[in-house]
Amino acid sequence: YLILLFALALGMFLRFYHFRDWFFFEVDEEHYAFMTRMITVDRHFPLIGGPISGTKLYMAPWFLYFNAIWFWLSRNSVLFGGAVITTISLMTSYVLYLIGKKIFSKKVGALAALLYSSSFLMVLFDRHYWNITLAPFLSALIFLGLLYWRDGSRKWLIILSLVMGFALSTTFSLFAVFLFILIVILFGKKPVIKKDLFIFLGIIILCHLTLILFDLRHDWWLTKAFLEFLTIHPYSSVPILSRIIHTGGLMLMELGKSLAITTPLDVSNEI
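Numbers given to residues run from 1 along each chain, matching the order in which its sequence is written. At least 70 in pLDDT is required for a residue's local features to be given in this predicted model, at least 80 for side-chain atom pairs to be given and counted, and no such filter applies to totals for whole chains, interfaces and linings, which use all residues. Here the side-chain values reflect all heavy atoms present in the structure, with hydrogen atoms and water set aside.

1. So, the environment of G11
A run of DSSP states H or I qualifies as a helix once it reaches four residues; a run of E qualifies as a strand once it reaches two. Both are numbered from the N-terminal end. Mapped onto the secondary structure, G11 falls in helix α1 (residues 2–16). Residue class for G11 comes out buried when judged on its relative accessible area of 0%. In the structure, G11 is positioned 31 residues away from D42 in sequence and 37 Å away in space, judged by C-alpha atoms. Once you skip the residues sitting within four places of it in the chain, G11 turns out to touch L90 and S117. Throughout this description, buried means an accessible area under 20% of the type-specific maximum (1.4 Å probe, protein chains only), exposed means over 50%, and partly exposed covers the range between. We call two residues in contact whenever any of their non-hydrogen atoms come within 4.5 Å of each other.

Here you go:
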């Protein structure tokens, strides 16, 4: 417990030391702040959220409404919204402690929390007001829910499904986590309980009903964009082997950066 408390205190200090001066905010971050401002200032309540990069598709709007709470409370202060997201991101350390404790032991969980909270890469990553900043926290919370679900708690299946529905409105890269959950439900518990699969997919669909409403009001714009994505894609000319090698190399590089940062020390490049 002392290691865990030290990890949380250290993580808080590293993330909030000179927070106003070192807070990171650029064009992508400004885009989401502008969309959130439509809710808090213009009183426009959107049925879609942020765009999915490289496509004409959009995510559900729940991340924007989540941001709108903090923007409204702070009179549209981006710095306050960033501080809220940074605080939530720090709680990833505690969730990792719970995961490590459940799988191995309390000491393993505490050491995992310490490594995460003091990671230079994660400290930089968390000093953000950005849609992907919450991805580690949401992923860890979902994995913890899967562990409890495997122990027989259907309540946690509902919780992780709701978290997954919200996560898909933050960044679509978390679609990989969605596929992981499907694999775990189908193959991680014998026999496969159809009711569990129905609950998970049903909640995910409910979380995306606003997209259907948007399509009904805009001449099936999203449906047409999805069909276009399936038929015409800019990456179709790139060999699949080249994409695998590039992605694998990127993964190894980022795993290395989680342990040590190499020169040149350029903050924008590291983020």
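2. Digging into the packing of α1 against helix α7 (residues 106–117)
It is the contact of α1 with α7, at a shortest axis distance of 8 Å, that shows an interaxial angle of 10 degrees. Taken together, the axes of α1 and α7 are roughly parallel relative to one another. Between α1 and α7, the contacting residues are I3, L4, F6, A7, L10, G11, L14 and R15 on the first element and A110, L111, A113, L114, Y116 and S117 on the second. Here the contact of α1 with α7 is built from residues that sort into 11 nonpolar, two polar and one charged. A fitted line through C-alpha atoms represents every axis, and for helices the fit uses only the stretch in contact; the resulting angles, taken between N-to-C directions, go from 0 to 180 degrees. With respect to orientation, any angle under 35 degrees is reported as roughly parallel, any angle over 145 as roughly antiparallel, any angle of 65 to 115 as roughly perpendicular, and every other angle as oblique. In the scheme used here, Gly and all other residues not listed as nonpolar or charged are polar, with Ala, Val, Leu, Ile, Met, Phe, Trp, Tyr, Cys and Pro taken as nonpolar and Asp, Glu, Lys and Arg as charged.

3. Points about unusual backbone geometry
Located in the positive-phi region is H18, a residue other than glycine, with phi close to 55 degrees. The residue H18 is located in the loop between α1 and α2 (19–22) in this model. With a relative accessible area of 36%, H18 lands in the partly exposed category. A positive phi angle, close to 55 degrees, is found at W220, a residue other than glycine. You can see W220 is positioned in the loop between α13 (209–217) and α14 (221–231).

4. Considering the pattern of salt bridges
Each salt bridge in this description consists of a side-chain nitrogen of Lys or Arg and a carboxyl oxygen of Asp or Glu lying within 4 Å of one another. Throughout the structure, instances matching the rule amount to five salt bridges. R15 serves as the salt-bridge partner of D126, at 2.7 Å between the closest nitrogen and oxygen. Taken as a pair, D126 in helix α8 (residues 120–126) and R15 in helix α1 lie far apart in primary sequence, 111 residues in all. Like R15, D126 is buried.

Function-wise, these values are silent; they only describe arrangement.
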